[in-house]
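Survey of secondary and tertiary structure
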Amino acid sequence: MRTWEVIIIGGGIIGLSLALALRKRGMRVLIVERGEPGREASYAAAGMIADFAPELPPLLLPLAIASARMYPEFVHELQDESGMNVDLRDNGTLLLSAHAASGLGWKSESETQSGLEFVSPEAVAKLEPELKLNEHVAFFRKERSVDPRALTAAAIQAAKHREIDIVSGNPVEGVVISAGRVSGVSTGKTAYSAPVVVNCAGAWAGSIPPCQFPTRPVKGQILAVIGAPVLRHVVRGGEVYLVPRTDGRILVGATLEDAGYDKRVEPDVVQRLQQSAIEMVPALRMATLHKAWAGLRPGTADGLPILGETSTGGYFVASGHYRDGILLAPITAKVMAQVICGEKLEYDLSAVSPLRFEEKQLAMG
Ligand code: GLY
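Not measured: the values here are computed from a predicted model.

Let us now look at the overall build of the protein. Summing up its helical and strand segments, the protein has 9 helices and 19 strands in all. For the protein, whose C-alpha radius of gyration is 21 Å, the value lies close to the compact-globule estimate of 21 Å for 365 residues. For the protein, the C-alpha atoms occupy an extent of roughly 65 × 40 × 35 Å along the three principal directions. The burial tally for the protein puts 54% of its 365 residues in the buried class. Counting only contacts in the protein whose residues sit at least 6 apart along the sequence, the fraction spanning at least 24 positions is 73%. Separation of charge centres in the protein, based on 37 positive and 40 negative side chains, amounts to 3 Å.

Written out as C-alpha cells, the structure is:
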C-alpha cells in the first residue's frame, strides 16, 4: 500500500507549487484533485505579476513583493524540469489613470513607492502606438506577466518528473480527524492517509468539512482575441486590462461577480469587455474573438489569503488568494513548506493565519 507524508487537496498552481517545494525537501506527496489538475482558477487567470498598492491590501505587500522577485527563478526551475516554455515576459505595464494623482487611488508619494513612472503622451505613442489615452494619463511600471496555463502545465509536468502522485476526478468530501489530529482525507470513492493535509482547494477550500475558514467563489469572465496589432506591454485601464502573449493572443479581462459556482460565459458580458478594450486600443476592432471563459477566484471576507496551520494538528491551509494566486504561488510554496516542516519563518504570517476566523467566531459566540 502506498503511503504519503503529505496530502494536498487541490491541483492548482498553489497546490502544485507547494507539492514541489515539499518534494524537494524529500517528502512523499499526494495531490487529490476534484477535477483535472490546473483547470480551475489557474487556468482562467490572466497572469499579471502585479505586486503593488493599491492593487493589493497593504498587509499582503511584503509577501507579494517577495513572490514577484522569486518569479524568474521559479519559472526557470519549472521550465528546466518540464522542458516547457511558460512565456514569462518583462516588458512592463502601462497603467491608465483618469487623473494624474488620484484616478486609480494613487497618491504622488505612493506612485514613487510603487515604482510607477509618469509617461508623457508622446512617450506613450512611442511605447504603444495603438493605445488611445482618451482623457487618461499613463504610468509605466516594471512588471512581469506569465501564461498561467503554460505555467500550470509545466508545474504538472515537473510534479510528475519528481514522482509526486496525483489523483484526478476525486473530490475530497472531508478531512479525517482522529484523536484531535488529522489522519487523511476521504473522497466519495476512497480514503487516503497521511499525518499532514494541506487544503489548497481554491474557491472550494472553505466548503470541505470541518470548514474552519470561509472562502467564496468570485467569478471572472475573460476572453482572448487574435489577429490584432501586437501590444508589447500589459495595459491596465479602469474597465479592463489587456495582457499580450508572445504568440499574438491578447487577453481582455475581467469581471468580478458574485455568482456562486456558476462558470457560464455570457455573450453580452464578452461584448462589453471587447468594447472596453476597443475604447483603449481602437485597432482591436480588427481582432477576432479567439475564446472566452470564466474562472472562480477564491475570495475571503478580508481580502487576504489564508496561510498556515488550523487549530487541528497537522491540518494546514493555503487558499483565498483571490486575484493573486499566480503572483503569490512562489512565496506561498516557500512559506507553507517552512510552516509544515517547522523551519524558521522568514515572514510574519499572523495576518493571514486561518486562526483569525476561529478567533472571530469565539468572540461572536
Ligand atoms: N488577477 C486578475 C484578475 O483577477 O482578474
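Following the structure, the description resumes.
Take the side chain of Glu128 next. By secondary structure assignment, the location of Glu128 is in the loop between α5 (121–127) and β6 (137–141). Arg232 is the oppositely charged side chain nearest to the buried, salt-bridge-free Glu128, at an N-O distance of 6.5 Å. Beyond its immediate sequence surroundings of up to four residues, Glu128 is in contact with Leu94, Val230, Leu231, Arg232 and His233.

On to unusual backbone geometry. A cis amide bond links Pro209 with the next residue in sequence, Pro210, at an omega value of 20 degrees. Within the chain, Glu163 stands out as a residue other than glycine whose phi angle is a positive 60 degrees. As for its placement among the helices and strands, Glu163 is situated in the loop between α6 (148–161) and β8 (165–167). Judged by relative accessible area, which is 60%, Glu163 ranks as exposed. If you check the backbone angles, Ala179 has positive phi at about 50 degrees while not being a glycine.

Conventions and cut-offs
- Residues numbered from 1 in each chain as written.
- Predicted model: local features only at pLDDT ≥ 70, side-chain atom pairs only at ≥ 80, totals over all residues.
- Heavy atoms only, no water.
- Helix = DSSP H or I, 4+ residues; strand = E, 2+ residues; numbered from the N terminus.
- Rg over C-alpha atoms; globule rule 2.2 N^0.38 Å.
- Buried < 20%, exposed > 50% of the residue type's maximum accessible area, 1.4 Å probe, protein only.
- Contact = heavy atoms within 4.5 Å.
- Lys, Arg positive; Asp, Glu negative; His and termini not counted.
- Charge placed at Lys NZ, Arg CZ, Asp CG, Glu CD.
- Salt bridge = Lys/Arg side-chain N within 4 Å of Asp/Glu carboxyl O.

In short, shape yes, function no, at least from these values alone.
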